[in-house]
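Structure at a glance
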Amino acid sequence: MKSGEGTDMAQRRKKNKIFREMDEMIVSTTPSIEGKKIVEYKQIVFGEVIVGVNFVKDFAAGLTNIFGGRSSSYEQELIDARVNALREMEERARDLGANAVVGVDIDYEVLGANNGMLMVTASGTAVLIE
């Protein structure tokens, strides 16, 4: 096993667990779910995550910009923020008694004096389907 492979496998397992948990509730960008009937609209729900970007990732991303390629450290930060925002939105929908969220939209925003923070917001309508 190469150095770092164990960490990569652990991260993949963690992500798979997150997506399995998300499978319990239907989450869709569409306003309806084919084959399902919306019997009750609960309310709009949100999930917000704000993460800071640190010096090491900035430095690594700067090198990537100079030499070309993708910045895996920033990509992973973005993936984690999106998954956490979706999870938070689902938890809020579940607290309302919903079993689905429709019309989901994900927004990204850079914040802070030096654009040193990333905000990811997931929003949608919590509904009860049958």
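Up top is the structure these notes are about.
What counts, and at which threshold
- Residues numbered from 1 in each chain as written.
- Predicted model: local features only at pLDDT ≥ 70, side-chain atom pairs only at ≥ 80, totals over all residues.
- Heavy atoms only, no water.
- Helix = DSSP H or I, 4+ residues; strand = E, 2+ residues; numbered from the N terminus.
- Contact = heavy atoms within 4.5 Å.
- Areas by Shrake-Rupley, 256 points an atom, 1.4 Å probe, with all protein chains shown as cover.
- Core = buried A, V, L, I, M, F, W, Y, C linked by side-chain atoms within 4.5 Å.
- Buried < 20%, exposed > 50% of the residue type's maximum accessible area, 1.4 Å probe, protein only.
- Pairing = 2+ DSSP bridges.

1. So, the overall build of the protein
Counting its regular elements, the protein contains 3 helices and 4 strands. Reading the secondary structure of the protein in the N-to-C direction produces α-β-β-α-α-β-β. Across the protein, every contact between residues at least 6 apart in sequence was considered, and the portion connecting residues at least 24 apart equals 76%. When the accessible surface of the protein is summed, it comes to about 8600 Å², and 53% of that surface belongs to carbon and sulfur atoms.

2. Some thoughts on the nonpolar core
Among the nonpolar cores identified, the biggest contains 16 residues, and V45, M89, A93 and V101 are the most heavily contacted of them. If you list the elements that add at least two residues to this core, you get β2 (38–52), α3 (72–95), β3 (100–111) and β4 (117–129). Residues I33, A100, V102 and I129 belong to the second largest nonpolar core, which totals 6 residues.

3. Quick notes on the side chain of S28
Following the sequence through the fold, S28 ends up in the loop between β1 (26–27) and β2. Given the relative accessible area of 16%, S28 is considered buried. When neighbours within four sequence positions are excluded, S28 is seen to be in contact with I33, V101, V102, G103 and V104.

4. Comments concerning the pairing of β4
Bridging between β2 and β4 involves 13 bridges; their strand directions are antiparallel. The partner of I50 across the bridge, within β4, is M119. One ladder, built from 10 bridges, connects β3 with β4; its direction is antiparallel. Its bridge partner lying in β4, Y108 is registered against V120.

5. Some details on the pairing of β3
As defined by bridge partners, β1 adjoins β3 across 2 bridges and the pair is classed as parallel. Residue pairing for β3: V27 is matched across the bridge by V101. Between the antiparallel neighbours β3 and β4 lie 5 residues, among them G112 with a positive phi of about 100°.

6. Examining the sheet that holds β4
Consider a sheet: its strands pair through backbone hydrogen bonds, and that pairing is either parallel or antiparallel. The mixed open sheet is built from 4 strands, whose spatial order is β1-β3-β4-β2. A single partner strand is all that each edge strand has here, and the edge strands are β1 and β2.

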